[in-house]
Amino acid sequence: MTEPLIRIGEVARDAGVSVRAVRYYEELGLLFPRRSASGQRLYRPDTITLVRFIQQMYAAGLTSSRIAELLPCWDAGHTDPGQRAMLRAERERIQAKVDDLRAALDRLDEVIAITDTHP
């Protein structure tokens, strides 16, 4: 039995992105929809989770080419040594970004605490 396919609007709505973003991901080769007889894009339901993942990776600063490198890992559930090295490098880069944001947040909390004592 084949799973039901969903339309682009449902993917966009449930993933929290615009239809235009879904089309853009397709243009970049990050998504591969099927087509109905009338040409409408049809997606597997797990595309919603994949679009959310793509959004998270963009937010973390990965490029579309880096995200494309991750897709075989996503689909297959395993990686080769080069992919694992790339994943680790990206993780370290993101962790450094998180650390910088955490330091900025701590500093902002200090400023708020100081200004709270001086009306």
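Our subject in this report is the structure included herewith. Values in this document were obtained by computation on a predicted structure and should not be read as measured data.

About the criteria used
- Residues numbered from 1 in each chain as written.
- Predicted model: local features only at pLDDT ≥ 70, side-chain atom pairs only at ≥ 80, totals over all residues.
- Heavy atoms only, no water.
- Patch = residues over 30% accessible without salt bridge, like charges linked within 9 Å, V, L, I, M, F, W, Y side chains within 5 Å.
- Areas by Shrake-Rupley, 256 points an atom, 1.4 Å probe, with all protein chains shown as cover.
- Salt bridge = Lys/Arg side-chain N within 4 Å of Asp/Glu carboxyl O.
- Helix = DSSP H or I, 4+ residues; strand = E, 2+ residues; numbered from the N terminus.
- Buried < 20%, exposed > 50% of the residue type's maximum accessible area, 1.4 Å probe, protein only.
- Axes fitted to C-alpha atoms, helices over the stretch in contact; angles between N-to-C directions.
- Parallel < 35°, antiparallel > 145°, perpendicular 65-115°, else oblique.
- Left-handed = near helix turned anticlockwise from the far one by under 90°.
- Contact = heavy atoms within 4.5 Å.
- Nonpolar A, V, L, I, M, F, W, Y, C, P; charged D, E, K, R; others polar.
- Pairing = 2+ DSSP bridges.
- Arc of directions from axis to C-beta.

Right, let's talk about a nonpolar patch on the surface for a bit. On the surface, a nonpolar cluster with roughly 340 Å² of combined accessible area is contributed by Leu105, Leu108, Val111 and Ile112. Looking at the secondary structure, you find Val111 in helix 5 (residues 81-116). A relative accessible area of 36% places Val111 in the partly exposed class.

Put simply, helix 1 (residues 8-15) and helix 3 (residues 47-59) touch, their axes get as near as 9 Å, and they point 50° apart. By the angle between their axes, helix 1 is oblique relative to helix 3. Seen from above, helix 1 lies across helix 3 with right-handed handedness. Here Glu10, Val11, Asp14 and Ala15 of helix 1 lie close against helix 3, whose contacting residues are Thr47, Ile48, Val51 and Arg52. Of the residues assigned to the contact of helix 1 with helix 3, the class counts are four nonpolar, one polar and three charged.

Here we come to the sheet that holds strand 3 (residues 41-43). Across the sheet, which stays open at both edges, the three strands sit in the order 1-3-2 with antiparallel pairing between neighbours. Looking along the sheet, the strands with just one partner apiece sit at the ends: strand 1 (6-7) and strand 2 (34-35).

Within helix 2 (residues 19-27), the full set of buried residues consists of Ala21, Val22, Tyr25 and Glu26. Each buried residue of helix 2 lies within a common arc of 145° when the element is viewed along its axis, so the set occupies one face. For helix 2, the exposed residues lying more than 90 degrees away from the buried face are Arg20 and Glu27. In this fold, the buried residues of helix 2 make contact with helix 1, strand 2, strand 3 and helix 3. Backbone geometry just after helix 2 places Gly29 at a positive phi near 80°.

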